[in-house]
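Geometric and topological summary
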Amino acid sequence: MSRMVQCVKLGKEAEGLDRQPYPGDLGKRIFENVSKEAWKEWLAQQTILLNEHRLSPVNPEHRKFLAEEMEKFFFSGPANPPEFNIKL
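Here the structure is a predicted model, which means the values were calculated and not measured.

Our focus in this paragraph is the overall build of the protein chain. What the protein chain contains, in helices and strands, is three helices and two strands. For the protein chain, the proportion of contacts with a sequence separation of at least 24, taken over those separated by at least 6, is 50%. When the accessible surface of the protein chain is split by element, carbon and sulfur atoms take 51% of a total near 6,200 Å².

Here it is, written out as structure tokens:
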């Protein structure tokens, strides 16, 4: 039987993650409070942030930004949407 959590993002009980997806205290909080479904939503949001802001996962400043956005996404309400620079 899979592990169930009360997902803070979805506001309901759902299947939990199989392992801690991120290091440190933030990863522990995510493991204990975030469902697989919500984690998939974060991965999609992270992809948008990486692409739109042209972030590099090897850059420490970019990793810090992503960690802050991840914490906002799950625990502080809406994360900053990417800024689109569309010229018409």
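What follows picks up the thread again.
Before going further, it helps to spend a moment on the pairing of strand β1 (residues 4-7). Side chains V5 and C7 project from β1 onto a buried face, and the interleaved M4 and Q6 project onto a face without burial. Both β1 and strand β2 (residues 12-15) contribute to a ladder of four bridges, which runs antiparallel. Note on β2: the bridge partner recorded for Q6 is E13. Turn length for the β1-β2 hairpin, with the two strands adjacent in sequence and antiparallel, is four residues, and the turn residue G11 shows positive phi of about 70°.

Time to look at the nonpolar core. Ranked by internal contacts, the top residues of the largest apolar core, which has 15 residues, are I30, V34, W39, W42, M70 and F74. For this core, the secondary structure elements donating two or more residues are α1 (24-33), α2 (36-52) and α3 (60-75). Per element, the largest residue contribution to this core is five residues, and it comes from α3. Beyond its immediate sequence surroundings of up to four residues, I30 is in contact with L17, P21, W39, M70, F74 and F75.

Turning our attention to unusual backbone geometry. For R54, which is not glycine, the phi torsion reads 50° and is therefore positive. Secondary-structure assignment places R54 in the loop between α2 and α3.

So, on to the packing of aromatic side chains. The tally for this structure, following the rule as stated, stands at five aromatic pairs. The interplanar angle of 55° and the centroid separation of 6.4 Å between the aromatic rings of W42 and F74 together place this pair among those described as tilted. Note that W42 is positioned in helix α2 and F74 in helix α3, a separation of 32 residues in sequence. Across this residue pair, the class does not change: W42 and F74 are buried. Note on F73 and F74: the rings are 5.0 Å apart at their centroids and 85° apart in plane angle, and the pair reads as edge-to-face. Every member of this aromatic cluster is reached through a ring pair, and the members are W39, W42, F73, F74 and F75. One residue, K9, lies across the ring of F73, its end atom 3.9 Å from the ring centre. Stacked on the ring of F75, the Lys or Arg R29 has its end atom at 3.9 Å from the ring centre.

Conventions we followed
Residues numbered from 1 in each chain as written. Predicted model: local features only at pLDDT ≥ 70, side-chain atom pairs only at ≥ 80, totals over all residues. Heavy atoms only, no water. Helix = DSSP H or I, 4+ residues; strand = E, 2+ residues; numbered from the N terminus. Contact = heavy atoms within 4.5 Å. Areas by Shrake-Rupley, 256 points an atom, 1.4 Å probe, with all protein chains shown as cover. Buried < 20%, exposed > 50% of the residue type's maximum accessible area, 1.4 Å probe, protein only. Pairing = 2+ DSSP bridges. Core = buried A, V, L, I, M, F, W, Y, C linked by side-chain atoms within 4.5 Å. Phe/Tyr/Trp six-rings, centres within 6.5 Å; stacked < 30°, edge-to-face > 60°. Lys NZ or Arg CZ within 6 Å of the ring centre and 35° of its normal.

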